[in-house]
Structure formats: C-alpha cells, structure tokens
Amino acid sequence: MARSLRVEGAAVIDWFAEHSLAATPDPRVPTILIADEAEVAALTIRRVWHTGSTIQPLDESGPGSILVLQAEGSAAFRLSGTNAELDAGDALVYPHASLSRATTSHPTARIEIVSANSLLDHPAALPGADDSPAWRALASTVNAILNGDHRLGVAAESALGHAIESLCAALIAGRPGADAGAAGFRSAQATFAAATRVLTERAGDPEFTVEELARTLDVSRQYLARVFARHGSTPRSALRARRLELADALAATGLSSTEIARRSGFSSARALSHARRDRDTRDAR
C-alpha cells in the first residue's frame, strides 16, 4: 500500500518535480530525501524527511488543501496573504494554490495530508498543535498506515479516509480563534469542520438527526444547509453517507443485516438496503 524510497543528489530534485515542485537544495550539504507515501481513498498521505532546501510550485496548483504536521526541525512557508514559521509540533493548513515558497535551512521531517477537498479556504498556522489529541491521532494514524503493508478493501479504505479527514477537521476546528462561541459567532468553515466532527461521532445513533446536528452547533438548519452547499453537499446526504460508510465497514464482520443497520444508525435493515440502492444508482449515472 505504501511506497517508500531514499534518494540523493539530483534524484531529490526529480522527486519534488514529480510532485509539481521545484527544489533548490542547500549546496553546502549532501542532498538527501527519505519519503513514504500512500493513497487512502481520496487522500494522499506522506511522510517526508529531507536536508535543507527551498521549494516552490512548478505550475499553478489546482483545488484542494494540504495539512502539514511538522515532526522535526523547522520550516518557513510563504503563502498568499501570510507567512508561517513552523517548529516541531506545529501544524499548517493551506489551499494548494496559496503556496509560494517553503524553505528549510536544516534537515526537516513532516507529515503531509493532501486532500482534493477544501479543508480550509485560507492558510492558517496552528502553533503548538501537538498539544491537541487530533494532532497526535493524525500522526499515529498516518505512521501506522505507512509503516504497514496492509491491503484494504474498498469499504475499509473509504472509512479510514473519512476518519483521517475528520481528524483533520477536528485539528483545524480546535485552532485558536476558530470558534468564537462566546460571541455567538462561528465561521462557515469552522461550522463545517465542527459538523463533520459531530457527524463522525454520532452518525451511529439512529435517533441522531439533522435537526439535532443544528441544535448541537447552535445554528439554524438553513445556515447549516448553506454551509454544506459550499462543499457540494447537504447535511442529510452527509449524514447518510457517513452511516453507509459505517455499514460498509461492518459488512465484513458477519453481523446480521438488522444488527448492521442498528449499529450504523439506520432505523431498519430495509432502510439500509434502500440507502444502498440509492447510492449505487447515483454512482452508476
């Protein structure tokens, strides 16, 4: 599942070029890169260690976001609208298109989670993020995947990818100033991140509804619908999708259809079957 390599010299520049980046290594030291990489559903996860370099995009980046967990050393990022200095334990999330340059003057190690979706619509540094359980859970999950050689089924891989994205959302939602609840205000992006976290935690409860989600977040259903619309979805379809992921993950356990439906939040095996048919019909179009 994971791809691992160790390269030196010009091969390091080639590796960055394959990832649409131009690297200018520090000429004073040997140029070395060690990387592990894997695809998990719609995500790319990678662990990268390299000697000092300046890195710039080779071309205009497309949609999507990158979440960086700085594991060792430091790095300076120049992004549209802001700059970020990362030390070990910090994190950074940014849209692909916002990166102008990243510079490391000494050996550095980081974890990168690359999503085709928008994790946040502007760059944001998360200093001291390793104090958060989400930072540690993300690092542990990525390391566990990259250190193993597991072959996952489609359902298990989809559920794992969703879990990683949910941890990303939890980390982002917990950043300072993300949720000014005392002032009765939460940004649309923070609301989406919080909603994703709540859906992940509570989708398995058959009594949980979109109305309950809105009450939990202290927002109106109309506002919640507008927030999800920005991401091409609706709260109801996101809840159903999460329940289907749970059901697919349970399908290989040997449980009865009734028990799978109950544990994944559906009111009955018939409701689960109907949801699966709807999804399969939609995917076939």
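(A) Region of the structure containing helix H6 (residues 221-229). By the burial criterion, the buried members of H6 are Leu-224, Val-227 and Phe-228. Here the buried residues of H6 occupy an arc of 95 degrees about the axis, which is enough to place them on one side. Exposed and facing more than 90 degrees away from the buried side of H6 are Gln-222 and Arg-226. Next to the buried residues of H6 lie helix H4 (188-202), helix H5 (210-217) and helix H7 (235-250).

(B) Structural context of the pattern of salt bridges. If you walk through the whole model with that rule in mind, you get 18 salt bridges. A salt bridge links Arg-110 to Glu-112; the nearest nitrogen and oxygen atoms lie 2.8 Å apart. The burial state of Arg-110 is the same as that of Glu-112; both residues are buried. When the shortest N-O distance is used, the salt bridge between Arg-279 and Asp-248 registers 2.7 Å. A residue pair is termed long-range when its members are at least 10 positions apart, and Arg-279 in helix H9 (residues 269-284) and Asp-248 in helix H7 qualify at 31 residues. When salt bridges with common partners are traced through the structure, they connect Arg-3, Glu-37, Glu-39, Arg-46, Arg-110 and Glu-112 into a single cluster.

(C) Quick look at the side chain of Arg-243. Residue position: Arg-243 is located in helix H7. Buried and unpaired, Arg-243 has no salt bridge, with Asp-205 as the nearest side chain of opposite charge at 6.2 Å. The residues contacting Arg-243, other than those within four sequence positions of it, are Ala-203, Asp-205, Pro-206, Phe-208, Ser-264, Gly-265 and Phe-266.

(D) Region of interest: the packing of aromatic side chains. Applying the stated rule across the entire model yields three aromatic pairs. Consider the rings of Trp-15 and Phe-16, whose centres lie 5.1 Å apart with planes at 85 degrees: the pair is edge-to-face. The pair Trp-15 / Phe-16 is uniform in exposure class, with both members buried. Ring geometry for Phe-192 and Phe-228: centres 5.1 Å apart, planes at 65 degrees, overall edge-to-face. Taken together, the residues Phe-192 in helix H4 and Phe-228 in helix H6 connect sequence positions 36 residues apart. Across the pair, exposure class does not vary: Phe-192 and Phe-228 are buried alike.

(E) Summary view of the nonpolar core. Core analysis: the largest hydrophobic core is formed by 27 residues, its most contacted members being Ile-45, Ile-113, Ile-164 and Leu-171. Contributing elements (two or more residues each) for this core: strand E3 (32-40), strand E4 (43-50), strand E6 (65-72), strand E9 (91-95), strand E11 (108-115), strand E12 (124-126), helix H2 (133-147) and helix H3 (154-173). For this core, the leading source of residues is H2, giving seven residues. Here Leu-171 is in contact with Leu-67, Leu-69, Ala-91, Leu-126, Ala-129, Ser-132, Ala-134, Trp-135 and Leu-138, once residues within four sequence places are set aside. Listed in part, the 22 residues of the second largest apolar core include Ala-23, Ala-35, Ala-84 and Ala-102.

(F) Looking closely at the pairing of strand E7 (residues 75-79). Burial along E7 is one-sided: Ala-75, Phe-77 and Leu-79 are buried, while Ala-76 and Arg-78, pointing the other way, are not. Taking the residues that link successive antiparallel strands as the turn, the E7-strand E8 (residues 82-86) hairpin has two residues, and the phi of Gly-81 there is positive, at about 90 degrees. One ladder, built from four bridges, connects E7 with strand E10 (residues 99-104); its direction is antiparallel. Across the sheet, Arg-78 pairs through a bridge with Arg-101, a residue of E10.

Each value, and the rule that gives it
Residues numbered from 1 in each chain as written. Predicted model: local features only at pLDDT ≥ 70, side-chain atom pairs only at ≥ 80, totals over all residues. Heavy atoms only, no water. Buried < 20%, exposed > 50% of the residue type's maximum accessible area, 1.4 Å probe, protein only. Helix = DSSP H or I, 4+ residues; strand = E, 2+ residues; numbered from the N terminus. Arc of directions from axis to C-beta. Contact = heavy atoms within 4.5 Å. Salt bridge = Lys/Arg side-chain N within 4 Å of Asp/Glu carboxyl O. Lys, Arg positive; Asp, Glu negative; His and termini not counted. Phe/Tyr/Trp six-rings, centres within 6.5 Å; stacked < 30°, edge-to-face > 60°. Core = buried A, V, L, I, M, F, W, Y, C linked by side-chain atoms within 4.5 Å. Pairing = 2+ DSSP bridges.

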